[in-house]
Amino acid sequence: MPHRMAMLVLDDFATMDVGIPGQFFHIAEDADRRALYDVRTCTPGGLPVRCAAGYSIVPDHDLSLLEWADTVVVPGVHGGAPFEGSLDPDVAAALRAFRGRIVSICTGAFVLAAAGLLDGRPATTHWRNAARFRRLHPRVLLNPDVLFVDDGDILTSAGVAAGTDLALHIIRSDFGTEVANKVARRCVTAPFREGGQAQFIERPLPPAQGASTESTRAWMLSRLAEPLDLNALAAHARMSVRTFTRRFREETGLSPARWLNRQRVEHARQLLETTGLPVDQVARQAGFGTAVSLRQHLHAAVGVSPIAYRQTFRPQAALRSTTSATSSS
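Residues numbered from 1 in each chain as written. Predicted model: local features only at pLDDT ≥ 70, side-chain atom pairs only at ≥ 80, totals over all residues. Heavy atoms only, no water.

Peer 1: Give me the overall build of the chain: which residues, what numbers.
Peer 2: Counting its regular elements, the chain contains 14 helices and 10 strands. Out of the 329 residues in the chain, the part that is buried amounts to 46%. Long-range contacts, defined as pairs at least 24 residues apart, comprise 64% of the intrachain contacts of the chain with a sequence gap of at least 6. Total accessible area on the chain is roughly 16,000 Å²; 51% of this is exposed by carbon and sulfur atoms. (Helix = DSSP H or I, 4+ residues; strand = E, 2+ residues; numbered from the N terminus. Buried < 20%, exposed > 50% of the residue type's maximum accessible area, 1.4 Å probe, protein only. Contact = heavy atoms within 4.5 Å. Areas by Shrake-Rupley, 256 points an atom, 1.4 Å probe, with all protein chains shown as cover.)

Structural data, given as structure tokens:
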């Protein structure tokens, strides 16, 4: 049975935020081309809702759809009661009664916070609205620098396009890297974006005055299995270590070490899902050197061991790997 996803749309909705679930989740398929998500839309009372672009949408469902859903997605809004810290009582009650996974895109976090769902929890929203959000909801642990926050049963994304990053993260978590990558290719977008929202915040920056670190990032990706220290990276970019580090962070929102570690984790995940390589070999090819190091980094990133991850996304390969290891011992 497909994962049931209800999109709760409110007046003054953000148009792209509404389109993301309908596009990304709708086209996610398994190897037999069966839909992995059933995406439906609801509004308060099942009534039409309007956006600032000058059109309305007419949903097929009212708030009772939340009783059917496994996941509820709340797109962003451009104004209205949530921007004043309040919410339609029926919407607030429906969200509070829901016991599945809740996702907000962009300023949809204002809706979740107004319903009291984010108090004491980490969350994010569009960087332009961070000051207003903090003023209205001081008990929320807001991080306006990241593209999205995954806090288990509640996930929030930063502005607009970061909703695509969160959608792909959810698909990757639910059904694996291969499915998420296929969705990304079909939507002509990157399967994984480096850095965080910090790189997009308006702030005075010095002019680049020369080359970026883009070619060096590509060079790093082609050598994940090799030891790569900061001196070697700066030399490849033909910059001093200090200049390279500063420009790398300006362009990606991360330090070179954190960026490299993230790419190695993603490569390890792909190998665990798509190959039957022993964990030691996956660790070496991903650049972690040993299975112990891979286990530590993967657990920090996704909360499970390499074997547990493989059992989730490639159970037959995990079984063969375990059987082979038992036979050879």
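Peer 1: Any details on helix 13 (residues 306–313)? Residues and values, ideally.
Peer 2: Taken together, the buried positions of helix 13 are occupied by Pro306, Tyr309, Arg310 and Phe313. Along the axis of helix 13, the buried positions cluster into a sector of 95°, meaning they face one direction only. (Arc of directions from axis to C-beta.)

Peer 1: Requested: an account of the packing of aromatic side chains, with residues and values cited.
Peer 2: Under the criterion given, the structure shown has seven aromatic pairs. Note on phenylalanine 244 and phenylalanine 248: the rings are 5.5 Å apart at their centroids and 55° apart in plane angle, and the pair reads as tilted. Linking phenylalanine 244 with phenylalanine 248, this pair stays in helix 9 (residues 241–252), spanning four residues, or about one helical turn. Since its relative accessible area comes to 0%, phenylalanine 244 is described here as buried. (Phe/Tyr/Trp six-rings, centres within 6.5 Å; stacked < 30°, edge-to-face > 60°.)

Peer 1: Provide a residue-level description of the sheet that holds strand 1 (residues 3–8), including the pertinent values.
Peer 2: Spatial strand order, 2-1-5-6-10-9: six strands in an open sheet with mixed pairing. The sheet terminates laterally at strand 2 (37–42) and strand 9 (148–150), the two strands that pair on one side only. When the angles between neighbouring strand axes are averaged without regard to direction, this sheet yields 15°. The pairing of strand 6 (residues 101–104) with strand 10 (residues 154–157) spans three bridges and is parallel. Of the residues in strand 10, the one forming a bridge with valine 103 is leucine 155. (Pairing = 2+ DSSP bridges. Axes fitted to C-alpha atoms, helices over the stretch in contact; angles between N-to-C directions.)

Peer 1: Outline the pairing of strand 5 (residues 71–74), listing residues and values.
Peer 2: The side-chain alternation of strand 5 yields two buried faces, one formed by Thr71 and Val73 and the other by Val72 and Val74. Sheet topology places strand 1 next to strand 5; three bridges connect them, and they run parallel. Looking at the pairing, methionine 5 lines up with threonine 71 of strand 5. Pairing between strand 5 and strand 6: four bridges, direction parallel. When the bridges of strand 6 are listed, valine 73 appears paired with valine 103. For the crossover from strand 5 across helix 2 (residues 89–97) to strand 6, the handedness is right-handed. (Right-handed = clockwise from strand over helix to strand, strands pointing away.)

Peer 1: Describe the environment of leucine 147, naming the residues involved and giving the relevant values.
Peer 2: Turning to its location among the elements, leucine 147 is positioned in the loop between strand 8 (141–142) and strand 9. Here leucine 147 falls in the buried class, since its relative accessible area comes to 6%. Measuring from C-alpha to C-alpha, the distance between leucine 147 and alanine 162 comes to 5.5 Å, with 15 residues separating the pair along the chain.

Peer 1: Tell me what's going on with the nonpolar core, and back it up with residues and numbers.
Peer 2: Counting residues in hydrophobic clusters, the biggest one holds 34 residues, and the most contacted among them are Leu8, Val72, Leu87, Leu95, Leu112, Leu118 and Phe133. Put simply, the parts of the chain that give this core at least two residues each are strand 1, strand 5, helix 2, helix 3 (108–114) and helix 4 (130–136). Broken down by element, the residue count for this core peaks at six residues, all from helix 3. In this view, leucine 95 contacts Leu8, Leu66, Val72, Val74, Leu87, Ile102, Val111, Leu112, Ala115 and Leu117; residues no more than four positions away in its chain are not counted. One finds Met5, Phe25, Leu36 and Ala184 within the second-largest nonpolar core, a separate group that totals 22 residues. (Core = buried A, V, L, I, M, F, W, Y, C linked by side-chain atoms within 4.5 Å.)

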